[in-house]
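Spelled out from the first residue to the last, the chains are:
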Amino acid sequence: MTVMAALATLAGSIGLYPLFERASWFWAGFGAVLAASAGGLLSRRLRTPAPVGLLFGLAALLLYLNLAFASAESWLGVIPSPDSVRHLGELSDEGWRAANRYAAPVPLVPGIAMLAAAGVGLVAVLVDLLAVRLRRAAPAGLPLLAMYSVPAAIREDGVGWLAFGVGAFGFLALLMADAREQVGGWGRTVTTRRRPREVPLAGAQPPPGDPADRPDSSALAASGRRIAAGTVAVAVLLPAAVPGLHPRGVFGMGGGSGPGTQTVTTPDPLVSLKRELTRLDDSTVLTYRSDAPESPGYLRLYALDRFDGDRWTYSPLKSSSKDRVSGDRALPPPPGLTAAPAREVTTEVRVRPEVRNMTFLPVPYAPTKVSIKGDWRVHDASLMIYSLRDSASGRSYTVKSLLPQPTAGELAAAGPYPPEVVAHYTAVPKNVPPQVRKLAADVTAGSATALGQAVRLQRWFTISGGFTYDLSAPAPQHGSDLVDFLLHGRRGYCEQFAASMALMARILGIPSRVAMGYTPGSEVKPGEWVVRSRDAHAWPELYFEGSGWVRFEPTPSGAGGQGTALAPVYSQPAVSSGGEPGEQTTQAPDSSSPDEGSAAATNGPRHRNDEGASGPTGVQQEDDGGFSAAPWLAGALLVLLLLAVPMVLRIVTRWRRWAALASSAASTPVPARRDGAPDPAGMEPVRRTRASGPGGAPGSGRGPRTPDPAGAAHAAWLEMRADALDHGLEWRASDSPRAAARRLGELLEMDATSVRALTRIARAEELARYSRTGSLEPAERLRADVRTVREAFAASVGRRARWRARLLPPSTMAQSRSALRTAGDRALDATARVNALAARLNDVASRLNELPSRLRRR
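Bear in mind that the values here come from a model prediction, so they are computed numbers and not experimental data.

What counts and how
- Residues numbered from 1 in each chain as written.
- Predicted model: local features only at pLDDT ≥ 70, side-chain atom pairs only at ≥ 80, totals over all residues.
- Heavy atoms only, no water.
- Helix = DSSP H or I, 4+ residues; strand = E, 2+ residues; numbered from the N terminus.
- Buried < 20%, exposed > 50% of the residue type's maximum accessible area, 1.4 Å probe, protein only.
- Areas by Shrake-Rupley, 256 points an atom, 1.4 Å probe, with all protein chains shown as cover.
- Pairing = 2+ DSSP bridges.
- Axes fitted to C-alpha atoms, helices over the stretch in contact; angles between N-to-C directions.
- Patch = residues over 30% accessible without salt bridge, like charges linked within 9 Å, V, L, I, M, F, W, Y side chains within 5 Å.
- Salt bridge = Lys/Arg side-chain N within 4 Å of Asp/Glu carboxyl O.
- Lys, Arg positive; Asp, Glu negative; His and termini not counted.
- Charge placed at Lys NZ, Arg CZ, Asp CG, Glu CD.
- Polar contact = N/O pair within 3.5 Å; in protein donor to acceptor, adjacent residues only side chain to side chain.
- Arc of directions from axis to C-beta.
- Expected span 1.5 Å × (residues − 1).
- Contact = heavy atoms within 4.5 Å.
- Core = buried A, V, L, I, M, F, W, Y, C linked by side-chain atoms within 4.5 Å.
- Parallel < 35°, antiparallel > 145°, perpendicular 65-115°, else oblique.
- Left-handed = near helix turned anticlockwise from the far one by under 90°.
- Nonpolar A, V, L, I, M, F, W, Y, C, P; charged D, E, K, R; others polar.

Draft legend 1. Structural detail: the overall build of the chain. Looking only at helices and strands, the chain has 24 helices and 19 strands in total. Across the 858 residues in the chain, those meeting the buried criterion constitute 45%. Accessible surface for the chain amounts to roughly 43,900 Å². Of this, 59% is attributable to carbon and sulfur atoms.

Draft legend 2. Spatial organisation of the pairing of strand E12 (residues 396–404). Pairing geometry for strand E7 (residues 342–351) and E12, over nine bridges, is antiparallel. From the neighbouring strand, Glu-348 faces E12, where its bridge partner is Thr-398. Where strand E9 (residues 367–371) meets E12, four bridges bridge the pair, whose relative direction is antiparallel. Within the sheet, the bridge partner assigned to Val-370 lies in E12 and is Val-399.

Draft legend 3. Looking closely at the sheet that holds E7. The sheet built from six strands is open, its strands ordered E9-E12-E7-E2-E17-E16 with antiparallel pairing. Both edges of this open sheet fall to E9 and strand E16 (522–525), since each of them pairs with a single strand only. Pairs of neighbouring strands in the sheet enclose a mean axial angle of 25°, with direction left out of account.

Draft legend 4. Expanded view of a negative patch on the surface. On the surface, a cluster of negative charge is contributed by Asp-308, Asp-310, Asp-481 and Asp-484. Examined against the element boundaries, Asp-484 turns out to sit in helix H14 (residues 479–489). Its relative accessible area of 39% is what places Asp-484 among the partly exposed residues.

Draft legend 5. Focus on the side chain of His-537. By secondary structure assignment, the location of His-537 is in strand E18 (residues 536–544). With relative accessibility at 0%, the residue His-537 sits in the buried group. Side chain to side chain, His-537 and Glu-553 meet in a polar contact 2.9 Å long.

Draft legend 6. Focus on helix H12 (residues 434–443). Taken residue by residue, H12 has Val-436, Leu-439, Ala-440 and Val-443 as its buried positions. The buried side chains of H12 occupy one side of the element, clustering within an arc of 100° when seen end-on. Opposite its buried face, H12 presents the exposed residues Pro-434 and Lys-438, each directed more than 90 degrees away.

Draft legend 7. A look at helix H22 (residues 779–796). Here H22 spans 26 Å end to end across 18 residues, near enough to the 26 Å set by a 1.5 Å rise per residue. Restricting attention to buried positions, one finds in H22 the residues Ala-779, Leu-782, Asp-785, Val-786, Val-789, Ala-792, Phe-793 and Ala-794.

Draft legend 8. Geometry of the sheet that holds strand E8 (residues 363–364). Within the open sheet, the five strands sit side by side as E8-E3-E15-E18-E19. Their pairing is antiparallel. Edge positions in the sheet fall to E8 and strand E19 (548–551), since each of these pairs with one other strand and no more. Inspection of the sheet shows strand E15 (residues 512–518) paired to E18 by seven bridges, in the antiparallel sense. Paired with Gly-517 across the bridge in E18 is His-537. Here helix H15 (residues 494–507) sits on the sheet and contacts E15 and E18; the angle it forms with E18, its principal contact strand, is near 15°.

Draft legend 9. Focus on the nonpolar core. Among the nonpolar cores identified, the biggest contains 82 residues, and Leu-361, Phe-461 and Phe-552 are the most heavily contacted of them. If you tally residues by element for this core, the top one is H15, at ten residues. Contact partners of Phe-461, with chain neighbours within four places excluded, come to Phe-467, Phe-485, Leu-486, Phe-497, Ser-500, Met-501, Met-504, Pro-554 and Pro-556. Counting 42 residues, the second-largest nonpolar core is a separate cluster that includes Ala-35, Tyr-64, Ala-98 and Ala-137.

Draft legend 10. The arrangement of a nonpolar patch on the surface in detail. Among the surface-exposed residues, Val-639, Leu-640, Leu-643, Trp-803, Leu-807 and Leu-808 lie close enough to one another that they form a single nonpolar patch of about 570 Å² accessible area. With three residues, helix H18 (residues 629–667) is the single largest residue contributor to the nonpolar patch. Secondary-structure assignment places Leu-640 in helix H18. For Leu-640, a relative accessible area of 55% translates into the label exposed.

Draft legend 11. Spotlight on the packing of helix H3 (residues 50–69) against helix H5 (residues 110–133). With their axes 10 Å apart at the nearest point, H3 and H5 run at an angle of 155° to one another. Classified by the interaxial angle, the pair formed by H3 and H5 is roughly antiparallel. For the element pair H3 and H5, the recorded crossing hand is right-handed. Judged by residue contacts, Ala-50, Gly-53, Leu-54, Gly-57, Leu-58, Leu-61, Tyr-64, Leu-65 and Phe-69 of H3 engage Pro-110, Ala-113, Met-114, Ala-117, Ala-118, Gly-121, Leu-122, Val-125, Leu-129 and Arg-133 from H5. Tallied by class, residues from the contact of H3 with H5 come to 15 nonpolar, three polar and one charged.

Here's what the structure looks like:
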């Protein structure tokens, strides 16, 4: 029972797999389960009370956690010390913070690994106490169920059916082991002898230990295993058939729409960005329609306004009921947008149902009104639209936005920043290295305005700085990663480019933040756009008084960068050596290639990885999202192939029956007759001498090899039975071959030829069953008779029955069910053998444990 309790806990812990990025958490939990089981086993050997046994398990779990995660601070590397216990507490705090910071699957940092091991170990202690010590195996399923509730509450897609099935079978195995132990506790089993299959002498009894002397419980055991397997199958399959039965939950987010103020916590946006950009399927995230004459702009999800020295994040959001949005309520005005012109744009967005955990709405900045069902709220300072309990998955909503349209002159002439903006959006941690500060000053040297500095930064990242767009670069986790990106590696994707430009802008005194969302995507029809996972993007937003927050694009675009990224027109003015707009000098293109120029930015790339008007990628993506016949043709072909499976199986079964006869004939020679009479198989008269061998070869005295007559009769009978079932004719298993042939002949209007063929098949089957002489009918004649009878069956039924016999033969369905039943019985028998082996091992272990006491008594 100790072993089964540990195995059930490990099987149940597999359901935690959606929470972690790597599988190494399982081995940490494996060690915790072993430690907890060892503690419970030791307490039972010492015959301590149940509460003391619980303390033994907890102490063993603490020793394991101390050894695995705090051995450096322990006494002798094993014994817990105050420092090691303090270190475990710090790891716990670190893991809790990381769990609330990252989205599932979370990175397996040491704190999270320790929390996972401690949680699985605690479940193992409870299961061992209930199932082994207290002999309450059924309540032991409650802590096992608790492990499934965690991913079901955190991830919208819950736990996979395979992981659930493994855990369910583990719990059922624990129940069966407990039942076996309970029955064994009553003493020796009283057996009833079965009648032996063969008793050579009347009244003879089977010897002791013979299998016939054991109780026949195989039927009951098989029934129990079938019930268990059926229960798990229903539990796995039934939820999939219930519409709308989908667990929903966001990691770290509470529900509620009450009047109180709540702190909004979400998954780390930049972790989600990396995951989206590196997805292999590049699936569709959303589609939208826009009345914008050109590009509708980026769709923003988050505005990250705080840099802690390592990563960009946003300040905690305080949410209350007054922040709710509704279709008739205008949102707060965009901060700082007071003088620059803005164009009002209406966007109708539809998020795909496959998108999970999207609790922030992607909207063009700056939104002024949002129409969507559910409890959605707005953050006044950043205009982020979010929900505490709803997801945008499968939703449609309409957004009205004001897209700022500032000119380069208006940005260059912007007034001073408000003090509250400067205080919040120019804060830079003290641990930023002086090399980065010097680099920001060197890149923007000679620029007298904030716009000139921003344009020089953007140009340095996209053209002159020698940077390379690379999705394989690791996500920055510490401030040193950004320093390495700026000073040494210069390889990365949009997160590094956006974070670095926003940081350097703050160093220069320009208010900045990092925005994250999606690029416009690809236009598939006039006014209709498709956004995919590879369109996920991050970009810096800089504040200019009178224009508010405006976007810049330091990430290379086009084929060598973020395919659908585009730099705004105001970020590419003519820049002189002094860095001021307005002078007649070179243009600063947004692409990584100088040949693409500003025209590409003005018109905006409308296709992913745009290579120009004649680029092959642009042509390929132009119809993306439109109607394509290929998926429909592939689906139709798949349906036809599935419909053809029963017919193909019927043909293969028929071929295998007759092919088996041919193979048996190759290995079973038939003696030749020396009197010139016909061969039993109906061959021509054969005259051979003693010198003739197989096939007429000298020296063997053997005749030609022919199919086994009995096998040919059985094959013909089975074929005729299958044909009768295929054509919907009644077949009684209790009928003898002669009775079946007579009934079919009376039921159907068959001609004389068909009746004779049917009679020959029935007579051959009777002789094969009840006569040792076998059938004298040759195999080829029986095969021809089967074809004749099949044609007679087809002529006697309607057209619908004939087509069903050809396309969906019922005999194949019955054969498939029989094969599945046989395979299931074999699998269940194998499980029974494993259980029996485990019982024998337990018996051996108990005898070994009793051996010392027996030796002492002697």
